[in-house]
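These are the residues of each chain, in order.
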Amino acid sequence: MTQYRRTRLEIDLGAIAHNVRCLRARTPETAKLLAVVKADAYGHGAVEVSRTALKNGAEFLAVAIPEEGVKLRQAGISAPILVLGGVNEVGAEGDVQFDLTQTVYDVRTVLNLQRAAERLGKTACAHLKIDTGMGRIGVRTEAEAREVLDAVAASPRVALTGAFTHFATADEENIEFEYEQHERFMRVAGPLKAAHPEILLHCLNSAAMLRTPQFAHDMVRAGIALYENPRFPDGSGAELREAMRWIAEAAHVKTIEPGETVGYGRAFTAQRATRVMTIEVGYADGYPRRLGNAAYALVRGQRAPVIGRVCMDQAMLDVTDVPGAQPGDEVVLMGAQGAQKISVRQMAEWMGVIDYEAMLAPAARVEKVYINTQGE
């Protein structure tokens, strides 16, 4: 569809390529690098990010649900894709049809994969998920693992190609629990690897791969570190770059007098003659109402406060101290403009969420535009 507004997300594939290369350089040569591109690559565009990641050192991809993997296959991406979440019978059919590797943690999923593979005349690949303390999906004991592994052994069209866990505290100041989780993981995964040396063991997410690379095993999983500098407590990953820039356009600029108000509920009252800029973005675009009287945007390289309540399709800024501000100006909601920058983390703090949610906030009607600052 033709895009008429200038409100858009600018995705820097050069920054993502840089991040992948940095992460690949930190990963042992014997371990594969998996790029997590679930949730439309954390809002950055799964197809484009996947192609960039694979070109710059990633060898495996991961998604949350089969539909995300199918989209990549339909775009011509042939790399191995791991589905991290659980699936029902219909989802298992999609896994097998599109050659997706499915996470398994119960007999039901194994049997669904076997039946789908029989119908389609194919082999289903699976990775065993071991719950070592995250408390989500996964087998928790050696007995539970044995039950699933026995089901795999009895299913000739299901091939176990990996086993993994997920660390709950790798991005915290204290990571002692990570070491405990790794010990629990190896109680199940160690004997499994000894019996089947060809399977891939993996347990490191972005924070863990940067802070405890000794647990790399056969593969590491890069998620948030592909898209920004997460600023982990020990400073690791400082070389990583933010890849998303959220931009809007100034639609109107006017001057109001002291005592006049702005927006629904008259939530802002001018204390001086104030130049008010209306911009083309609102909560229907994923720019939350709560940012009114709380956030800033960048106009002509300067910070301008968001005033009044954010509307469904528009928001207002105080540009009194921004000389020359006028309709048509580029307004940066998140990202850099000149020497100023609104980081993902700053936006997340204003929203009252974590970085991941801030990157996923822009709605579907905000167009993605891809650039490449590295020329790669």
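Look a little higher up for the structure.
Conventions used here
Residues numbered from 1 in each chain as written. Predicted model: local features only at pLDDT ≥ 70, side-chain atom pairs only at ≥ 80, totals over all residues. Heavy atoms only, no water. Helix = DSSP H or I, 4+ residues; strand = E, 2+ residues; numbered from the N terminus. Buried < 20%, exposed > 50% of the residue type's maximum accessible area, 1.4 Å probe, protein only. Contact = heavy atoms within 4.5 Å. Areas by Shrake-Rupley, 256 points an atom, 1.4 Å probe, with all protein chains shown as cover. Pairing = 2+ DSSP bridges. Axes fitted to C-alpha atoms, helices over the stretch in contact; angles between N-to-C directions.

Undergrad: Describe the overall build of the protein, and please don't skip the residues or the numbers.
TA: Along the backbone of the protein there are 11 helices and 19 strands. Projecting the C-alpha coordinates of the protein onto the three principal axes gives extents of approximately 80 × 45 × 40 Å. Counting all 376 residues of the protein, 54% fall into the buried class. Intrachain contacts of the protein at a sequence separation of at least 6 include 66% that bridge at least 24 residues. When the accessible surface of the protein is summed, it comes to about 16000 Å², and 50% of that surface belongs to carbon and sulfur atoms.

Undergrad: Talk me through the sheet that holds strand 9 (residues 219-222); I want residue IDs and the actual numbers.
TA: Taken together, 8 strands build a closed barrel; the order of strands is 2-3-4-5-6-7-8-9 and the barrel is parallel. Between one strand axis and the next, the sheet turns by 30° as a mean value, whatever way the strands run.

Undergrad: Just give me the short version of the pairing of strand 2 (residues 32-36), but keep the residues and values in it.
TA: Buried residues dominate strand 2, accounting for 4 of its 5 residues. Where strand 2 and strand 9 come together, 4 bridges link them in parallel fashion. Paired with Leu34 across the strands is Arg221, a residue of strand 9. Inspection of the sheet shows strand 2 paired to strand 3 (residues 60-63) by 3 bridges, in the parallel sense. Within strand 3, the residue paired with Leu34 across the bridge is Phe60.

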